[in-house]
Amino acid sequence: MNALPRTLGPSTLVCVPTSNWRERVAAETRRQQELQAEIAASARRRAEAFEEGVQELGTKSAVAREVGIDVSAVRRSIREYGSGTLPPAGSPTTTE
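Summary of the structure given here.

What counts, and where the lines are drawn
Residues numbered from 1 in each chain as written. Predicted model: local features only at pLDDT ≥ 70, side-chain atom pairs only at ≥ 80, totals over all residues. Heavy atoms only, no water. Helix = DSSP H or I, 4+ residues; strand = E, 2+ residues; numbered from the N terminus. Buried < 20%, exposed > 50% of the residue type's maximum accessible area, 1.4 Å probe, protein only. Contact = heavy atoms within 4.5 Å. Arc of directions from axis to C-beta. Salt bridge = Lys/Arg side-chain N within 4 Å of Asp/Glu carboxyl O. Axes fitted to C-alpha atoms, helices over the stretch in contact; angles between N-to-C directions. Parallel < 35°, antiparallel > 145°, perpendicular 65-115°, else oblique. Nonpolar A, V, L, I, M, F, W, Y, C, P; charged D, E, K, R; others polar. Core = buried A, V, L, I, M, F, W, Y, C linked by side-chain atoms within 4.5 Å.

1. Considerations on the overall build of the protein
Right, on to step 1. When its secondary structure is counted, the protein shows three helices and zero strands.
Right, on to step 2. Seen in sequence order, the protein has helices and strands lined up from the N terminus as α-α-α.
Right, on to step 3. Buried positions account for 17% of the 96 residues belonging to the protein.
Right, on to step 4. Of the contacts formed within the protein by residues at least 6 apart in sequence, a portion of 44% connects residues at least 24 apart.

2. Describing helix α3 (residues 71-81)
Right, on to step 1. Burial in α3 covers these residues: V71, A73, V74, S77 and I78. Taken down its axis, α3 places every buried residue within 165° of arc, on the same side.
Right, on to step 2. The secondary structure elements touched by the buried residues of α3 are α1 (21-57) and α2 (60-67).

3. A few points about the pattern of salt bridges
Right, on to step 1. Here the structure, examined in full by the defined rule, presents one salt bridge.
Right, on to step 2. The partner of R31 in a salt bridge is E34, and the shortest N-O contact between them spans 3.4 Å. Linking R31 with E34, this pair stays in helix α1, spanning three residues, or about one helical turn.
Right, on to step 3. Here R31 falls in the partly exposed class, since its relative accessible area comes to 37%.

4. Digging into the packing of α1 against α2
Right, on to step 1. At their nearest, the axes of α1 and α2 sit 8 Å apart, and the two run at 110° to each other. As the angle between them shows, α1 and α2 are arranged roughly perpendicular. Taken together, the residues of α2 that come into contact with α1 (itself represented by F50, G53, V54 and L57) are K60, A62, V63, E66 and V67.
Right, on to step 2. Tallied by class, residues from the contact of α1 with α2 come to six nonpolar, one polar and two charged.

5. Examining the environment of G82
Right, on to step 1. Its place among the elements puts G82 in the segment after α3.
Right, on to step 2. Taking relative accessible area as the criterion, G82 reaches 1% and is therefore assigned buried.
Right, on to step 3. Leaving out residues up to four positions away in the same chain, G82 has contacts with A47, E51 and S77.

6. Here's the deal with the side chain of S77
Right, on to step 1. Residue placement: S77 occurs in helix α3.
Right, on to step 2. On the basis of relative accessible area, S77 is assigned to the buried category, the value being 6%.
Right, on to step 3. Excluding residues within four positions of it along the chain, S77 makes contact with A43, R46, A47, F50 and G82.

7. Considerations on the nonpolar core
Right, on to step 1. The biggest cluster of nonpolar side chains holds seven residues, and these are F50, V54, V63, A64, V71, V74 and I78.
Right, on to step 2. Mapped by element, the contributors of at least two residues to this core are α1, α2 and α3.
Right, on to step 3. Counting residues per element, this core draws most heavily on α3, which supplies three residues.
Right, on to step 4. Those residues in contact with F50, other than ones at most four positions away along the chain, are V63, V67, I69, V74, S77 and I78.

Next up, the structure:
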């Protein structure tokens, strides 16, 4: 009987880095900063949507019920990221 050839399993694969560890750390640090900026932008858009929901439904509690979350999450989002908390245009940020 002929035996099937053995294949490499995940434990036998070797990853060879294409750069040294310092370059990889710097690249990942830059990527994390980019992702944090994306998260902050998303949080601002979410807070804006909550504010629009408050205008439409009348209360933060109504918005929370509508989307199925706790009202404290709506309040916190609006307080921390709402239009009343945006920095003035052109002002320096801590991420620059």
